[in-house]
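Understanding the architecture of this molecule
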Amino acid sequence: MRFGIRIPLATGLALTAAGLALFALSPVNGSFALHVLPGMVLLGIGCGMALNPVLLAAMSDVSPSESGLASGIVNTSFMMGGALGLAVLASLAAARTESLLAAGAGSPAALTAGYHAAFIFGAVFAAVASLLSAALLRAGRQASAPEGEKAIEAAKC
């Protein structure tokens, strides 16, 4: 909580967008170390950095008596969102690949271009999400100590 929710979420989503954009720049005959690994590293760091702030934002205004229900809804939303996002991106990649194959492009070039379209689409959405989280999330107060520790300190005085 030292950094709040807004900065790590926006930064994580920006890194995710950069990783996806790097994937979109990969050539047909690219190498793993030069064209795949940098995007994977950025994507992993970005998604890892953005996951906890999303959970904190979703659960921050929920009362303790409703936290189990809210947690279930958040986790279900993550699973459904991931499945829906993958379906949309895979459909986009397949459609682009099929259209290029129909136009006479070679199979590796068409497949790569199809994935490029999906990665660009994902990168744009991650970048927009980064900008929206930076602009729209409230900063909020940062607690210097958890509430339980404050109560203990108050009782000592």
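Anyway, here's the lowdown on the structure attached to this text. (Residues numbered from 1 in each chain as written. Predicted model: local features only at pLDDT ≥ 70, side-chain atom pairs only at ≥ 80, totals over all residues. Heavy atoms only, no water.)

This brings us to a nonpolar patch on the surface. Taken together, the side chains of Leu84, Val88, Ile120, Phe121, Val124, Phe125, Val128, Leu132 and Leu136 make up a nonpolar region of the molecular surface, amounting to roughly 860 Å² of accessible area. Listing elements by their share of the nonpolar patch, those giving two or more residues are α3 (67–102) and α4 (107–136). Looking at which element gives the most residues to the nonpolar patch, the answer is α4, with 7 residues. Mapped onto the secondary structure, Ile120 falls in helix α4. Owing to a relative accessible area of 48%, Ile120 belongs among the partly exposed residues under this scheme. (Patch = residues over 30% accessible without salt bridge, like charges linked within 9 Å, V, L, I, M, F, W, Y side chains within 5 Å. Areas by Shrake-Rupley, 256 points an atom, 1.4 Å probe, with all protein chains shown as cover. Salt bridge = Lys/Arg side-chain N within 4 Å of Asp/Glu carboxyl O. Helix = DSSP H or I, 4+ residues; strand = E, 2+ residues; numbered from the N terminus. Buried < 20%, exposed > 50% of the residue type's maximum accessible area, 1.4 Å probe, protein only.)

What follows covers the side chain of Ser133. Looking at the secondary structure, you find Ser133 in helix α4. When residues no more than four places from it in sequence are discounted, the contact partners of Ser133 are Arg6, Leu9, Ala10 and Leu13. (Contact = heavy atoms within 4.5 Å.)

What follows is about α4. The end-to-end C-alpha distance of α4 is 43 Å, a good match for the 44 Å that 30 residues give at a rise of 1.5 Å each. All of the buried residues in α4 are Ala110, Thr112, Ala113, Gly114, His116, Ala117, Ala118, Gly122, Ala123, Ala126, Ser130 and Ser133. Those residues of α4 that are buried are in contact with α1 (6–24) and α3. (Expected span 1.5 Å × (residues − 1).)

Quick look at the side chain of His116 now. Along the chain, His116 falls in helix α4. At a separation of 3.3 Å, a polar atom in the side chain of His116 contacts the main-chain carbonyl oxygen of Ala24. There is a polar contact of 2.6 Å between the side chain of His116 and the backbone oxygen of Ser26. Other than its neighbours up to four places away in sequence, His116 contacts Phe23, Ala24, Leu25 and Ser26. (Polar contact = N/O pair within 3.5 Å; in protein donor to acceptor, adjacent residues only side chain to side chain.)

Here we come to the packing of helix α2 (residues 32–59) against α3. Remark: α2 packs on α3, axes separated minimally by 10 Å, with the N-to-C direction vectors making an angle of 135°. The pairing of α2 with α3 is recorded here as oblique in orientation. Relative to α3, the crossing made by α2 is right-handed. Along its contact with α2, which presents Leu51, Val54, Leu55, Ala58 and Met59, the element α3 presents Ser67, Ala70, Ser71, Val74 and Phe78. In terms of residue class, the contact of α2 with α3 is built from 8 nonpolar, 2 polar and no charged. (Axes fitted to C-alpha atoms, helices over the stretch in contact; angles between N-to-C directions. Parallel < 35°, antiparallel > 145°, perpendicular 65-115°, else oblique. Left-handed = near helix turned anticlockwise from the far one by under 90°. Nonpolar A, V, L, I, M, F, W, Y, C, P; charged D, E, K, R; others polar.)

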